[in-house]
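Structural description and commentary
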Amino acid sequence: MSRRKNMSNEAENTAHATGKDLGAPPILLTKKPTRARASAGGRTKTACIRTFGCQMNVHDSDRMRRMIRDAGYAEVLRYEDADLVVLNTCYVRENAVDRVRGHLGELNRLKKEGRVKKVALTGCIGAGQEARDLERAYGIDLVLGTHNTYELAQFVGLPGMEETFTPELPGTEGEHTAFVTIMTGCNYQCSYCVVPSVRGRMVCRPMENVLLEVRRLVESGTRYVTLLGQTVDAWREDGRRFCDLLQRVADIAPRVWFTTSHPSNMEDRTLRLIGQKDTLVKRLHLPVQSGSDRMLKIMHRGYKSERYRRKIEVFRDAVPDGTLSTDIIVGHPRETEGDHEETLKLVEDCSFDAAYVFKFSPRRGTEAAELPGTVPEEVAQRRFLEVLRAIEQSAFRRNRRKIGSVEEIYIRHGRTGEDGKAAVGETWSGHAVHVVTDAEPGRYVTAKIETAGPHVLYAGVPFGPPR
Ligand code: SAM
Ligand code: SF4
């Protein structure tokens, strides 16, 4: 839940920072020994992976990291130390592409100086329309989309692979948390979104394949599994639906969460399961995008705000202590002041615990990019801040209700702070908590919540040792 931390001081177009934040530093490799060392002139070859975008991209990077490691590369953090640089990219908003261009420019220079040997562009931009132009302009050696990231294996000297998601190539095996992809692509056609064109139509991973990966992860020490997909609740197989899969996964893994869900697919029984099943984190991320039915129609979201409100009622009823977050776009073409008021009303009614608020960004090839009725920048900025403020108020109000409660806290990021005794954890209700402990990530501590801010709770000294 580090996503909550920077809600108010975020940059221009997005409020909230998380895995969706751009340019996250590479995650360390799992500590397993490498098969062999790839060498360049007698020394070990090096690779640097830079990830831009959402959890899906972080997960794709994890899998590519495994391939590179298996090929014997050592991972480095700086471009200038790398023989191979992989930029795994996001395409959802225009500023993401601009940022990647900046990195490509720098890499092109380093290549000319002989410091970087090869550059690979992967992920959503690799699958997008600009990919070929970028390849030519910056002399990129390998361009892969989101469907064929497995081709990186051959590029780094491993035997070819035919499939992207296999239990043989899990994300972060051996780490305390892991992402498990259950579906790729998306069958919706939201007016503003490039995902269907870069990630293709929905493909659901077979249940047995998912369960096998989860079992292996748990056996190798994973304590927290997040199921991933653009619309996870659209997952289905032979009459079984997402709720059935979730239940099976929650029977195997000790802690489970999922993202992202779509209001049209969300079943009430899934919402009730969140409340019933001990191993499920009581946190729901359900993007609404707008509170106005007129805008939801223009966006082709396929539901009205009334359906969304009903789903939230079921969730709040089934999971009274749970946390609810959403995505909202402001300034989509044709959004009027009345539409904006309806979004503010929905924000008030739903009492969100957190939200990503995005200013509309026109994406080449999407319907919205061609629509008349552009919202002027200063109007979009004002609406953006108004929605943000409303979210912060409701988050702060709800967080304060946790003061005084004693919580079991899962340590997500441990050993931080100057003395290594600060940690960021997560309660079962899905709240982010700062806690003073030197507990390792993946452990639990129990502590009392002393204070609360709009984005995070603060706990006192834990009772007893970590578990
Ligand atoms: N599949 C998820 C869903 O439908 O809710 C989310 C996918 S998208 C990668 C994540 C979020 O980015 C969306 O929920 C939307 O709020 C935002 N987004 C997508 N395209 C956008 C655009 N062109 N401009 C601004 N925000 C955008
Ligand atoms: Fe994009 Fe809509 Fe699909 Fe989400 S549901 S990925 S916003 S097209």
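A brief report on the enclosed structure follows. Fair warning: this is a prediction, and the values are worked out from it, not measured in the lab.

1. Overview of the overall build of the protein
When you go through the protein residue by residue, the secondary structure sums to 13 helices and 23 strands. Every one of the 467 residues in the protein was classed for burial, and the buried ones make up 59%. Nonlocal contacts in the protein, meaning residues at least 24 apart in sequence, comprise 74% of its contacts between residues at least 6 apart. Accessible surface computed for the protein: about 18,900 Å², of which carbon and sulfur atoms make up 50%.

2. Details of the pattern of salt bridges
Using the criterion set out here, one finds 32 salt bridges in the structure. Between Arg 382 and Glu 337 there is a salt bridge, and its shortest N-O distance comes to 3.0 Å. Placement of Arg 382 in helix H13 (residues 377-400) and of Glu 337 in helix H12 (residues 337-350) is noted, with a sequence separation of 45 residues between them. For Arg 382, a relative accessible area of 33% corresponds to the partly exposed category. Among the charged side chains, a network of salt bridges with common partners joins Glu 335, Glu 337, Arg 382, Arg 383 and Glu 386.

3. Some details on a negative patch on the surface
There is a patch of like negative charges on the surface, built from Asp 293, Glu 306, Glu 313, Asp 317 and Glu 342. No other element matches the three residues that helix H11 (residues 305-318) contributes to the negative patch. With respect to the helices and strands, the residue Asp 293 is situated in helix H10 (residues 293-298). The partly exposed category is assigned to Asp 293, whose relative accessible area is 32%.

4. Let's talk about the nonpolar core
Counting 52 residues, the largest nonpolar core has Ile 182, Leu 227, Phe 258, Leu 284 and Tyr 308 as its most contacted members. Of the residues forming this core, the biggest block, six residues, is contributed by helix H8 (residues 242-252). With residues up to four places along the chain from it excluded, the contact list for Leu 227 reads Val 180, Ile 182, Val 232, Phe 242, Leu 246, Val 249, Trp 257, Phe 258 and Thr 259. In this structure, Cys 90, Leu 107, Leu 110 and Val 116 belong to the second largest nonpolar core, which totals 27 residues.

5. Regarding helix H4 (residues 131-138)
Listed as buried for H4 are Ala 131, Leu 134 and Tyr 138. Angular distribution of buried residues about the axis of H4 spans 65 degrees; they occupy a single face of the element. The outward face of H4, more than 90 degrees from its buried face, is lined by the exposed residues Arg 136 and Ala 137. Contact partners of the buried residues in H4: helix H2 (94-112), strand S7 (118-123), helix H3 (124-127) and strand S8 (142-143). Phi turns positive, to about 60 degrees, at Gly 139, one or two residues after H4.

6. A word on the site of ligand 1
Around ligand 1, the surrounding shell holds 16 residues, and the nearest of these are Gln 230, Pro 287, Gln 289, Asp 327 and Ser 361. One of the side-chain N or O atoms of Arg 301 is found 3.2 Å from an oxygen atom in ligand 1. Across the complex, the protein chains shield 95% of the 560 Å² of accessible surface that ligand 1 would expose by itself. More than half of the atoms of ligand 1 fall within 2 Å of the grid points belonging to the largest cavity. In the shell around ligand 1, the residues fall into six nonpolar, four polar and six charged.

7. Let's talk about the side chain of Thr 122
Turning to its location among the elements, Thr 122 is positioned in strand S7. Side-chain polar atoms of Thr 122 contact the side chain of Asn 88, separated by 3.0 Å. Setting aside chain neighbours within four positions, we find Thr 122 in contact with Met 64, Val 86, Leu 87, Asn 88, Thr 89 and Leu 144.

8. As for the packing of H11 against H12
Two elements in contact, H11 and H12, have axes whose closest approach is 11 Å; the angle formed by their N-to-C orientations is 15 degrees. Judged by the inter-axis angle, H11 sits roughly parallel to H12. Both H11 and H12 take part in a crossing whose hand is right-handed. Contact residues: Ser 305, Tyr 308, Arg 309, Ile 312 and Arg 316 in H11; Lys 345, Leu 346, Asp 349 and Cys 350 in H12. In terms of residue class, the contact of H11 with H12 is made up of four nonpolar, one polar and four charged.

9. Quick notes on the sheet that holds strand S4 (residues 46-51)
In spatial order, the strands read S5-S4-S6-S7-S8; together these five strands make up an open sheet with parallel pairing. A single partner strand is all that each edge strand has here, and the edge strands are strand S5 (74-75) and S8.

10. Overview of unusual backbone geometry
Thr 259 connects to Thr 260 through a cis peptide bond whose omega is 5 degrees. With respect to the helices, strands and loops of the structure, Thr 260 is situated in the loop between strand S15 (256-259) and helix H9 (268-276). Of note in this structure, Gln 289 is not a glycine but carries a positive phi near 75 degrees. Look at Gln 289 and you get buried, because its relative accessible area is 6%. Here Ser 351, not a glycine, exhibits a phi torsion of approximately 45 degrees, which is positive. For Ser 351, the position within the fold is in the loop between H12 and strand S18 (354-359).

11. A word on the environment of Thr 437
With respect to the helices, strands and loops of the structure, Thr 437 is situated in the loop between strand S21 (432-436) and strand S22 (444-452). Sequence separation between Thr 437 and Ile 411 is 26 residues; the distance between their C-alpha atoms is 9.2 Å. From its side chain, Thr 437 meets the backbone nitrogen of Ala 439 in a polar contact 3.0 Å long.

About the thresholds
Residues numbered from 1 in each chain as written. Chains lettered and ligands numbered in written order. Predicted model: local features only at pLDDT ≥ 70, side-chain atom pairs only at ≥ 80, totals over all residues. Heavy atoms only, no water. Helix = DSSP H or I, 4+ residues; strand = E, 2+ residues; numbered from the N terminus. Buried < 20%, exposed > 50% of the residue type's maximum accessible area, 1.4 Å probe, protein only. Contact = heavy atoms within 4.5 Å. Areas by Shrake-Rupley, 256 points an atom, 1.4 Å probe, with all protein chains shown as cover. Salt bridge = Lys/Arg side-chain N within 4 Å of Asp/Glu carboxyl O. Patch = residues over 30% accessible without salt bridge, like charges linked within 9 Å, V, L, I, M, F, W, Y side chains within 5 Å. Lys, Arg positive; Asp, Glu negative; His and termini not counted. Charge placed at Lys NZ, Arg CZ, Asp CG, Glu CD. Core = buried A, V, L, I, M, F, W, Y, C linked by side-chain atoms within 4.5 Å. Arc of directions from axis to C-beta. Near = heavy atom within 4 Å. Polar contact = N/O pair within 3.5 Å; in protein donor to acceptor, adjacent residues only side chain to side chain. 1 Å grid on protein atoms, 1.4 Å probe; cavity = no way out; pocket = protein on both sides within 12 Å on 5 of 7 lines; lining within 4 Å. Sits in = over half its atoms within 2 Å of the grid points. Nonpolar A, V, L, I, M, F, W, Y, C, P; charged D, E, K, R; others polar. Axes fitted to C-alpha atoms, helices over the stretch in contact; angles between N-to-C directions. Parallel < 35°, antiparallel > 145°, perpendicular 65-115°, else oblique. Left-handed = near helix turned anticlockwise from the far one by under 90°. Pairing = 2+ DSSP bridges.

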